[in-house]
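Inside the fold
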Amino acid sequence: MDKICHLVKLSAGTDSVDSLTRWQASAAARGPDGYPRHVTRMWPKRESEIAGKGSIYWVIKGLIQCRQQIVRLDEVSGGDGIRRCAIVLDPTLVRVSPAPRRPFQGWRYLDPSEAPADLRPGREADDALPPELAGALAEIGVI
């Protein structure tokens, strides 16, 4: 059986899943193939467990709120000639049960057993709770 690993990453500059969706729809966030991507300095050593198998879980306002399937990892070079990793993403954002996450830099590996569950079908369109309330409820295990 193939091992699967996920990534977790702070979504800097966004304040909601909707604002992340809008950013990823912009030309600046998309590669030449039209897929949204996130460029990072570090290349995941566990590429074989991530690319085409895992997801990136986005932390917004202190909570993991959504995820996207990782399509592949592409090598890109910046204007400075330094090799970087473009995490190429499926454009669909899947909302997950909010899970609190402390601030950190870069990305971290996330074991599938620790990943928050996708929201049940039909709940994706529910009005989102304010992040502070969702975080408090998640901390005490209500959601």
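Anything mentioned here points back to the structure above.
Everything in this summary refers to the structure shown in the same document. Predicted, not measured: the structure shown is a model, and the values here were computed from it.

Tracing the backbone through its elements, the reader meets Ser55 in strand β3 (residues 55-60). Using a relative accessible area of 2% as the deciding quantity, one classes Ser55 as buried. If near-sequence neighbours (up to four positions away) are discounted, Ser55 is found in contact with Cys5, His6, Leu7, Arg67, Gln68, Gln69 and Ile70.

What follows concerns the nonpolar core. If you look at the biggest cluster of nonpolar residues, it comprises 17 residues, and the most contacted ones within it are Leu7, Ile56, Trp58, Cys66, Ile70 and Ile87. Elements with a minimum of two residues in this core: α1 (17-25), β3, β4 (63-77) and β5 (83-89). Leave out the neighbours within four places in its chain, and Ile70 touches Leu7, Ile50, Ala51, Gly52, Lys53, Gly54, Ser55, Ile56, Ile87, Val88 and Leu89. Core analysis: the next-biggest nonpolar cluster, separate from the first, contains nine residues, Tyr57, Val59, Val96 and Phe104 among them.

Moving on: the side chain of His6. As for its position among the elements, His6 is in strand β1 (residues 6-10). We classify His6 as buried; its relative accessible area is 9%. For His6, the side chain forms a polar contact with the main-chain nitrogen of Ser55, separated by 2.9 Å. When residues no more than four places from it in sequence are discounted, the contact partners of His6 are Gly54, Ser55, Tyr57, Arg108, Tyr109, Leu110, Asp111, Pro112 and Ala115.

With that settled, consider the packing of aromatic side chains. Overall, the coordinates contain one aromatic pair when judged by the stated rule. A centroid spacing of 5.2 Å and a plane angle of 75 degrees characterise the contact between Trp107 and Tyr109, whose relative ring orientation is edge-to-face. For Arg46, the ring lying beneath its charged end belongs to Tyr109, and the centroid distance is 4.8 Å. A cation over a ring is seen here: Arg83 above Trp43, with NZ or CZ 4.4 Å from the ring centre.

Cut-offs and rules
Residues numbered from 1 in each chain as written. Predicted model: local features only at pLDDT ≥ 70, side-chain atom pairs only at ≥ 80, totals over all residues. Heavy atoms only, no water. Helix = DSSP H or I, 4+ residues; strand = E, 2+ residues; numbered from the N terminus. Buried < 20%, exposed > 50% of the residue type's maximum accessible area, 1.4 Å probe, protein only. Contact = heavy atoms within 4.5 Å. Core = buried A, V, L, I, M, F, W, Y, C linked by side-chain atoms within 4.5 Å. Polar contact = N/O pair within 3.5 Å; in protein donor to acceptor, adjacent residues only side chain to side chain. Phe/Tyr/Trp six-rings, centres within 6.5 Å; stacked < 30°, edge-to-face > 60°. Lys NZ or Arg CZ within 6 Å of the ring centre and 35° of its normal.

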